[in-house]
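Structural overview for review
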Amino acid sequence: MSLRRPRVIIVGAGFAGLAAARALADAPVDVLIVDARNHHTFQPLLYQVATAALSPAEIAWPIRHLLKSQANARVVMSRALEVDAAAGRLLTQAGPLDYDQLVIAAGATHSYFGHDRWQTFAPGLKSLEDALAIRRGILSAFERAEMAGLEDAEVAVATFVVVGGGPTGVEMAGAIAEVARDALQSEFRHIDPAAARIVLVEAGPRILPSFPPSLAAEAQRRLSRYGVEVMTEAKVVDIDASGVSLSEGKIAAAAIVWAAGVRAASLVSGLACDHDGVGRALVGPELSLLGHPEIFVVGDAAAVTRPDGRPVPGIAPAAKQMGAYVGGLIARRVAGRSPPPPFRYRHAGDLATIGRGAAVVRIGSVQLTGLVGWLFWGLVHIYFLIDLRARFFVALDWAWSYVTYQRGARLITGD
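So, here is what we can say about the structure in this document. (Residues numbered from 1 in each chain as written. Predicted model: local features only at pLDDT ≥ 70, side-chain atom pairs only at ≥ 80, totals over all residues. Heavy atoms only, no water.)

**Let's talk about the sheet that holds strand β16 (residues 249–252)**
Taking strand neighbours across the sheet as the criterion, the three strands line up as β14-β15-β16 in an open arrangement whose pairing is antiparallel. Either end of the sheet is taken by a strand with one partner, and the two such strands are β14 (236–240) and β16. Strand-to-strand twist in this sheet, taken as the mean axis angle between neighbours without regard to direction, amounts to 15°. Two strands pair when backbone bridges link them, and strand β15 (residues 243–246) and β16 are joined in this way by four bridges, in the antiparallel orientation. Of the residues in β16, the one forming a bridge with Val-244 is Ile-251. (Pairing = 2+ DSSP bridges. Helix = DSSP H or I, 4+ residues; strand = E, 2+ residues; numbered from the N terminus. Axes fitted to C-alpha atoms, helices over the stretch in contact; angles between N-to-C directions.)

Here it is, written out as structure tokens:
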């Protein structure tokens, strides 16, 4: 008689993966978390690393540290390659791993809509590496402009283009404007950083399409006040080292940020199941694959529909809810208890910060803008940071930046 406990493998230690692992803390199972990186990243604040407001260590923590008190959890730092559903095996770079229950929380990556070569010139924002690359590109652009200004008193200051008018694009554009207008003031001798051109490009009719039109209009008004040019119904047709080509013409750019689309990770798009248009797995009411109740897909990797037919958004609260639901379901399953009701997403609200002292917030019928919205946005993000130390230092950094107009992580690192 085998005394081996059921093994639950969780692929990915993002919001969904960690929530699933923690929901299994008291279950009689062995939990194995597989991730190619050794840290969990608080992705909603990645753009603050990319714009020098925060340092990487303030929004990322070692996975082993986060799970050190969970006796039934073990971490394997390796990349998951493929799922052999028939054999109940996950293939990784470290070798095959057998599972009894599998939770795929592999997240999503950038989608360039069939133009993958654009990634070389327009990095997206999904990891710390991405954020540091974008920070390097933004700060280096000002340095190049200063060098050019040594020879030409009429040199044009850098142009920055952000592609995509969702929350990430809006937050990036506003933050770049804040860096140029405030943080770099009086630090250069041959250029005026505040004269930098920042362009936000959106293919749709308006920015923040998931927000009410009134909040989207308020966000655009605020961006314009900060000097950001908002171009709607502007389709990108090409991106190269010199800039962004639109259907209306070309914008020469010193740095480009891609915030226009995502697709599921290759592990998910390779599953033998139905997928949606961006490669996410179509799952059932219990977030499992059809014909494979032992395989669950959660977070940005899953295509889940709400009762009203709208998709569950790819945001942190949704990922946490899915992970906690699946973890609880597995715990009940191994204990021989009846399964919980089908997964039901609870939408807490929509938030996006625009820049210094301004944000747009919708919580049910309540809408907040301006400084009140910004304070609420900040409190929510501080609350959801994982540990007390991170909350303290992020709050301190934000307060210091607000009072002094400075950003303390303006380091150009890497190649």
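Having seen the model, we can carry on.
**Regarding the layout of surface pockets**
The calculated volume of the second largest pocket comes to roughly 390 Å³. Mapped onto the lining of the second largest pocket, the elements with two or more residues apiece are α2 (46–50), α5 (167–183), β23 (350–355), α9 (370–384) and α10 (388–404). Ranked by residues supplied to the lining of the second largest pocket, first place goes to α9 with seven residues. Partitioning the lining of the second largest pocket into residue classes produces 14 nonpolar, seven polar and four charged. (1 Å grid on protein atoms, 1.4 Å probe; cavity = no way out; pocket = protein on both sides within 12 Å on 5 of 7 lines; lining within 4 Å. Points joined across faces, edges and corners; volume = space filled by probe spheres on them. Nonpolar A, V, L, I, M, F, W, Y, C, P; charged D, E, K, R; others polar.)

**Here we look at the pairing of β15**
In summary, the side chains of a regular strand alternate between the two faces of the sheet. Where β14 meets β15, four bridges bridge the pair, whose relative direction is antiparallel. Bridge pairing in β15 links Asp-238 to Ser-245. In textbook terms, the turn of a hairpin is the stretch between consecutive antiparallel strands, and for β14 and β15 this stretch comprises two residues. Hairpin connection, β15 to β16: the antiparallel pair is bridged by two residues.

**As for the packing of helix α1 (residues 15–23) against helix α8 (residues 316–334)**
Orientation of α1 relative to α8, taken along the N-to-C sense of each, is 30°, at an axis distance of 7 Å. Overall, the two elements α1 and α8 adopt an arrangement that is roughly parallel. The element α1 and its partner α8 pack so that their crossing is right-handed. Judged by residue contacts, Phe-15, Ala-16, Ala-19, Ala-20 and Ala-23 of α1 engage Ala-316, Ala-319, Lys-320, Gly-323, Ala-324, Gly-327, Gly-328 and Ala-331 from α8. When grouped by side-chain class, the residues that make up the contact of α1 with α8 number nine nonpolar, three polar and one charged. (Parallel < 35°, antiparallel > 145°, perpendicular 65-115°, else oblique. Left-handed = near helix turned anticlockwise from the far one by under 90°. Contact = heavy atoms within 4.5 Å.)

**Thoughts on empty space enclosed by the protein**
Under the counting rule described, the total for this entry stands at one cavity of 30 Å³ or more. The space that makes up the largest cavity amounts to roughly 40 Å³. Lining the largest cavity are Glu-178, Asp-182, Ala-183, Arg-356, Ser-401, Tyr-405 and Arg-407. The greatest single-element share of the lining of the largest cavity, amounting to three residues, is contributed by α5. When grouped by side-chain class, the residues that make up the lining of the largest cavity number two nonpolar, one polar and four charged.

**Focus on the sheet that holds strand β24 (residues 358–363)**
Taken together, three strands build an open sheet; the order of strands is β23-β24-β25 and the sheet is antiparallel. Two strands close off the open sheet at either side, each with one partner strand: β23 and β25 (366–368). Across the sheet, the mean angle from the axis of one strand to that of its neighbour is 5°, orientation sign disregarded. Bridging between β24 and β25 involves three bridges; their strand directions are antiparallel. Opposite Arg-362, over in β25, you have Gln-367 as the bridge partner. Packing of α9 onto the sheet brings it into contact with β23, β24 and β25, and relative to β24 it is tilted by some 70°.

**Side note on unusual backbone geometry**
Of note, the phi angle at Ser-186 is positive, near 70°, even though the residue is not glycine. You can see Ser-186 is positioned in the loop between α5 and β12 (197–201). Within the chain, Leu-208 stands out as a residue other than glycine whose phi angle is a positive 50°. Tracing the chain through its elements places Leu-208 in the loop between β12 and α6 (213–225).

**Details of the environment of Ala-259**
For Ala-259, the position within the fold is in the loop between β17 (255–258) and β18 (262–264). For the pair Ala-259 and Pro-123, spaced 136 residues apart in sequence, the C-alpha separation works out to 8.6 Å. Not counting residues within four places of it along the chain, the set of residues in contact with Ala-259 comprises Val-163, Gly-164, Thr-168 and Gly-169.

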